[in-house]
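The primary structure of each chain is shown beneath.
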Amino acid sequence: MSGGVSIVWFRRDLRVEDNPALAAGVRAGQVIAVYIWAPEEEGHYYPGRVSRWWLKQSLALLDSSLKNLGTSLVTKRSTDSVASLLEVVKSTGATQVLFNHLYDPLSLVRDHRMKEVLTNNGIAVRSFNADLLYEPWEILDDKGRPFNTFTEFWDRCLSMPYDPESPQLPPKKIISGDVSKCPSETIIFEEESEKGSNALLARAWTPGWSNADKALAAFMNGPLLEYSKNRRKADSATTSFLSPHLHFGELSVRKVFHLLRIRQVLWANESNTAGEESVNLFLKSIGLREYSRYMSFNHPYSHERPLLGHLKFFPWRIDEGYFKAWRQGRTGYPLVDAGMRELWATGWLHDRIRVVVSSFFVKVLQLPWRWGMKYFWDTLLDADLESDALGWQYITGTLPDGREFDRIDNPQFEGYTFDPNGEYVHRWLPELSRLPTEWIHHPWDAPEYVLQAAGIELGSNYPLPIVKLDAAKSRLQEALAQMWQYEASSRAILENGLEEGLGDSTEATSLIALPQDMDEMDMDENAIRATTHTTTTIRHYEDQMVPSITTSLLRGGEEEEESSSDVGNQAEDSRAEVPINQGMDDTRMGRTDDMQQVNDITAALRNMDDLQAESSNTSGSMRERDGGVVPVWSPSTSSFNETFAGEDSTYLQRHPQSHQLVNWRRLSQTG
DNA sequence: CTAGATTTCTT
DNA sequence: AGAAATCTA
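- The name an unreviewed UniProt entry assigns to chain A is Blue light photoreceptor, from the organism Chrysanthemum lavandulifolium.
- Checking UniProt for chain A, the heading Sequence similarities (unreviewed entry) contains the comment "Belongs to the DNA photolyase class-1 family."

Take a look at the structure:
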């Protein structure tokens, strides 16, 4: 036993405490800790600037912790993490590879392949749960099927016959394997152009597992008690700020859960109801994180496809201008705009405001949710594929327990509940800083003299509402009517057995692609315009699907047309595009049946082989339909950055202490 | 005290 | 929008 060398493959479990893979390695003998940076494998989901910044800090801290324990972190730069892992194994003479589970679709496929490759090479592979209270396959209903609503899921989690594993302490000492033949490679996490902006982040955040632990303690001993009371204020400092730590696995959810439970019992004994309620609420947000993994595991396409198909024919607006206005915080709705500017400036957004801006995005602007999700991915410090997919699908209403699609939230009213005194808006929208609270969430209603006194000229230094709310409501109705009509004709085509129906169906079924990726964003603006201008105003009668990003990974980008293969094809279709044989007058009708079907299929797909077969299949069927219109955006080239920085002096001078996150102006002065 | 109004919450 | 919780006369 003591002679064995184990590779511990770190991914999003960047901690030494309660890390089962690491613990197993230590128990087995010598350990070689490895981190492989292969972002190209993530396809569209190459981590954004702030996310990479966090990762860099976190790895540095992990390395120093490992050094204190007797080894160090071997880092590798790769475009094929499985191949790199195999190299590491060979150069170190390791006999086993240990890692902790991930549940995003890319990792599921990659890890499956990794297991296969290594096993074929005679290497033992062992994997563990380090990210969840319970593995997704442990939480099933009475018939042994996965749940489809959060409440049911979470109830079951909380009433499981056995508790989640107790958190383990860090190892006292690690016996290092010989890494002399396996040198670390330097990983570049930030481009030169990003360093300036990144420097600001360090003033507000301290990544790394030991800091995560401190953040947890600070939250538990402070804001947690008031969590239920304060959680709905846009700029309150009462959120936990743990999400980036949790995303990178710097913090063990099981530890969080454990400590929360202890605290809960304590407060229950003191009959501290406010405290109890707070704990329950906070636990629920942990539960949502669990649920996002659960959904991703059971429905590996939930990051790119709606779970329910009832909006399949919704005419999403392919409108670059709307998209840009939203990103830059120039929609004319102060609460939305403040949120978007905070996001851009700090990489952070209060949970409530995430709901506000994303709901606005989908319902008022009618933009395809995957664009919004991609933007969140690129800009959020806690960008998390599973959580964000769940969130956006929830907002869009494509989950069984999602919001109703035809309900539009009113940012003006939301403004007065989440930001009653307008402080949040004042902070992030310097151009409105002199507008009284009475008008702060609806400047378009303010009398001319008020606007003048506040130095606001609507339509010039602050926009008028990009879409009026009553217009948004009727537009939504129109869009739904179109959707039903399109649905009906599509069904007619199917029933008539026509291969190609309406003349415009090619256009109609073309895909709405994601916004441009990083490498394309630096393109000449004219070139971009040339590729997009003809179609920017056209509505697309199709879901926002893209070819599966797992394709390139599996087949090196070229997959055969294998539609004949197996269940996969059918399964894929039913999941992505729930049959539209009902629900003409109720967008929600038929969802139970649909979900039933989805479930049956995914149950059959639990096996990784099927999953793999299916993903290649998907791309096969989607590929030739690619070519949707792609709006272009670029944080790095946006002029908004410069316009925004340094404008909000007055308010910040008045409230120097008032928020804990990045103070954009102050930081840019000193940094 | 209750019926009715009003506010809050919804994963 | 609709249910549930909270307020009020």
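Next, the rest of the story.
1. A closer look at the domain arrangement of chain A
Here is step 1 of the chain: Domain boundaries in chain A define domain 1 (1-129), domain 2 (131-167 + 207-298) and domain 3 (310-471).
Here is step 2 of the chain: One C-alpha centre belongs to domain 1, the other to domain 3, and the line joining them spans 39 Å.
Here is step 3 of the chain: Counting from both sides, the interface comprises 13 residues of domain 1 and, opposite them, 10 residues of domain 3.
Here is step 4 of the chain: For the pair domain 1 and domain 3, the interface holds zero salt bridges.
Here is step 5 of the chain: Summed over the shared surface of domain 1 and domain 3, the number is three residue pairs in polar contact (both at pLDDT 80 or more).

2. Some words on the confidence of the model for chain A
In low-pLDDT regions, the fine details of the predicted coordinates are not to be read closely.
Here is step 1 of the chain: Counting all residues, the mean pLDDT for chain A is 77, and 73% of those residues have values of 70 or more.
Here is step 2 of the chain: Here residues 501-510 is modelled with pLDDT under 50, and outside its nearest four sequence neighbours on either side it reaches 16 contacts, counting other chains as well.
Here is step 3 of the chain: With pLDDT under 50 throughout, residues 517-671 is counted as low confidence; its partners more than four residues away or in other chains account for 317 contacts.

3. Observations concerning the protein's contact with DNA strand B
Here is step 1 of the chain: Looking at DNA strand B, the residues that line it are F150, T151, R232, K284, L288, R352, V355, Y394, D401 and R407.
Here is step 2 of the chain: Here DNA strand B approaches the protein such that, of its atoms within 4 Å, sugar and phosphate make up 58%.
Here is step 3 of the chain: Residue D401 places a side-chain N or O atom 2.9 Å away from a sugar or linking oxygen belonging to DNA strand B.
Here is step 4 of the chain: With respect to DNA strand B, the side chain of R407 contributes an N or O atom lying 3.5 Å from a base oxygen.
Here is step 5 of the chain: For the surface near DNA strand B, the secondary-structure elements that each account for two or more residues are α5 (150-158), α11 (273-298) and α14 (351-364).

4. Overview of the packing of helix α15 (residues 369-379) against helix α16 (residues 385-396)
Here is step 1 of the chain: Put simply, α15 and α16 touch, their axes get as near as 10 Å, and they point 145° apart. Between α15 and α16 the crossing geometry is right-handed. Between α15 and α16, the residues in contact are W369, G372, M373, F376 and W377 and L385, D388, A389, W392, Q393 and T396, respectively.

5. A few points about the nonpolar core
Looking at soluble globular proteins, one finds that nonpolar side chains tend to be buried together.
Here is step 1 of the chain: By size, the foremost hydrophobic cluster in this structure holds 65 residues, and its most contacted members are F314 and W326.
Here is step 2 of the chain: By size, the runner-up hydrophobic cluster in this structure holds 34 residues, among which are A212, I286, Y294 and L390.

6. Details of the packing of aromatic side chains
Here is step 1 of the chain: Taken as a whole, this structure holds 34 aromatic pairs when the rule is applied.
Here is step 2 of the chain: Each ring, one from W137 and one from F297, has its centre 5.5 Å from the other, and the planes form 55°; the classification is tilted. Within this pair, whereas W137 is found in the loop between β5 (124-128) and α5, its partner F297 is found in helix α11, the two being separated by 160 residues in sequence.
Here is step 3 of the chain: Plain terms: the ring middles of W316 and F405 are 6.0 Å apart, the flat faces sit at 85° to each other, and that makes the pair edge-to-face. Of this pair, W316 sits in strand β7 (residues 316-317) while F405 is found in the loop between α16 and α17 (411-418), placing the two residues 89 residues apart along the sequence.
Here is step 4 of the chain: On the accessibility criterion, W316 (1% relative accessible area) is buried.

7. Some words on the side chain of S358
Here is step 1 of the chain: Mapped onto the elements of the fold, S358 is located in helix α14.
Here is step 2 of the chain: Judged by its relative accessible area of 4%, S358 is buried.
Here is step 3 of the chain: A distance of 3.3 Å separates a polar side-chain atom of S358 from the backbone oxygen of V355.
Here is step 4 of the chain: Beyond its immediate sequence surroundings of up to four residues, S358 is in contact with W392 and I395.

8. Thoughts on the environment of A472
Here is step 1 of the chain: In this fold, A472 is placed in helix α21 (residues 469-496).
Here is step 2 of the chain: On the basis of relative accessibility, which here comes to 0%, the residue A472 falls in the buried class.
Here is step 3 of the chain: Measuring from C-alpha to C-alpha, the distance between A472 and T119 comes to 56 Å, with 353 residues separating the pair along the chain.
Here is step 4 of the chain: Once residues lying within four places of it in the same chain are set aside, the contact partners of A472 are V364, Q366, I408 and V467.

9. A closer look at the UniProt feature "binding site: FAD" (unreviewed entry) in chain A
Here is step 1 of the chain: On the UniProt side, "binding site: FAD" (unreviewed entry) is annotated at positions that read Y227, T239, S240, F241, L242, S243, F282, D382, A383 and D384 here. In sequence the annotated residues extend across 158 residues, and in space they extend as well, their farthest C-alpha pair lying 22.8 Å apart. Of the annotated set, the members that line the largest cavity are A383.
Here is step 2 of the chain: Note that S240 resides in the loop between α8 (227-230) and α9 (243-247).
Here is step 3 of the chain: The class of S240 is buried, set by a relative accessible area of 14%.
Here is step 4 of the chain: Tracing the sequence through the fold places D382 in the loop between α15 and α16.
Here is step 5 of the chain: You can call D382 buried: its relative accessible area is 6%.
Here is step 6 of the chain: Discounting residues that sit within four places of it in the chain, D382 has contacts with S243, P244, H247, W348 and R354.
Here is step 7 of the chain: Within the structure, the side chain of D382 is placed 2.5 Å from the side chain of S243, a separation counted as a polar contact.

10. Section: unusual backbone geometry
Across residues other than glycine, the phi torsion is negative in most instances, and most of the peptide bonds are trans.
Here is step 1 of the chain: Non-glycine residue S271 carries a positive phi angle of around 40°.
Here is step 2 of the chain: Here S271 lies in the loop between α10 (253-269) and α11.

11. Focus on α21
Here is step 1 of the chain: Here α21 spans 40 Å end to end across 28 residues, near enough to the 40 Å set by a 1.5 Å rise per residue.
Here is step 2 of the chain: Listed in full, the buried residues belonging to α21 are L469, A472, R475, L476, A479, L480, M483, Y486, E487, S490 and I493.
Here is step 3 of the chain: Looking at the residues trailing α21, positive phi occurs at G497, about 65°.

12. Overview of the UniProt feature "site: Electron transfer via tryptophanyl radical" (unreviewed entry) in chain A
Here is step 1 of the chain: Mapped onto this numbering, the UniProt entry gives "site: Electron transfer via tryptophanyl radical" (unreviewed entry) at W316, W369 and W392. Those annotated residues from the list above that line the largest pocket are W392.
Here is step 2 of the chain: Structurally, W392 can be placed in helix α16.
Here is step 3 of the chain: Relative accessible area serves as the criterion here: at 2%, W392 is assigned to the buried category.
Here is step 4 of the chain: In this structure W392 touches W326, S358, F361, V362, W369, G372, M373 and F376, once residues within four positions along its chain are discounted.

13. Observations regarding the pattern of salt bridges
Here is step 1 of the chain: Tallied over the full model, the rule gives 26 salt bridges.
Here is step 2 of the chain: Of the charged contacts, one joins K229 and E226 as a salt bridge, the two residues approaching to 3.4 Å between their closest N and O atoms.
Here is step 3 of the chain: Given the relative accessible area of 34%, E226 is considered partly exposed.
Here is step 4 of the chain: Note that D384 is salt-bridged to R293, the shortest N-O span being 2.7 Å. Taken together, the residues span a long stretch of sequence, with D384 in the loop between α15 and α16 and R293 in helix α11 at a distance of 91 residues.
Here is step 5 of the chain: By relative accessible area, D384 is classed as buried at 4%.

Calculation criteria
The residue count restarts for each chain, going from 1 along the sequence in the order it is written. To read the labels, note that chains go from A and ligands from 1, taken in the order they are written. Selection of residues for local features in this predicted model requires a pLDDT of at least 70, selection of side-chain atom pairs for listing and counting requires 80 or more, and totals for whole chains, interfaces and linings are taken over all residues. The basis for the side-chain values is all heavy atoms of the structure; hydrogens and waters are excluded. UniProt positions are given in the numbering used here, feature names are shortened, and annotations may be inferred rather than shown by experiment. Each domain's extent was defined by an automatic or database domain assignment. For this analysis, residues touch if any pair of their heavy atoms sits within 4.5 Å. By definition here, a salt bridge exists when the distance from a side-chain nitrogen of Lys or Arg to a carboxyl oxygen of Asp or Glu is within 4 Å. Whenever two N or O atoms come within 3.5 Å, that pair is a polar contact, provided that in protein one can donate a hydrogen and the other can accept it, and provided that, for residues adjacent in sequence, both atoms are side-chain atoms. The score called pLDDT rates the predictor's confidence residue by residue, from a low of 0 to a high of 100. Summary of the distance rule: residues count as near a molecule or strand when at least one heavy atom falls within 4 Å of that molecule or strand. Under the DSSP-based scheme used, a helix requires at least four consecutive residues in state H or I and a strand at least two consecutive residues in state E, with every element numbered from the N terminus. Simply put, an axis is a line fit to the C-alpha atoms, just over the touching stretch for a helix, and the angle between two N-to-C directions goes from 0 to 180 degrees. In this scheme, a crossing is called left-handed if the near helix is turned counterclockwise away from the far one by less than a right angle; it is called right-handed if the turn is clockwise. Put simply, buried Ala, Val, Leu, Ile, Met, Phe, Trp, Tyr and Cys residues joined by side-chain atoms within 4.5 Å make one nonpolar core. Summary of the burial criterion: residues with accessible area below 20% of their type's maximum are buried, those above 50% are exposed, and those between are partly exposed, where the area comes from a 1.4 Å probe applied to protein chains only. A pair of Phe, Tyr and Trp rings is counted when the ring centres sit within 6.5 Å of each other, with Trp represented by its six-membered ring. The angle between the planes then sorts it: under 30 degrees is stacked, over 60 is edge-to-face, the rest tilted. The definitions used throughout rest on a 1 Å grid laid over the protein atoms alone, on which a cavity is an enclosed set of points accommodating a 1.4 Å probe that cannot get out and a pocket is an open set flanked by protein within 12 Å on both sides along at least five of seven lines; lining residues are those having an atom within 4 Å of a point. Expected helix span is taken as 1.5 Å per residue step, with the number of steps being one fewer than the number of residues.

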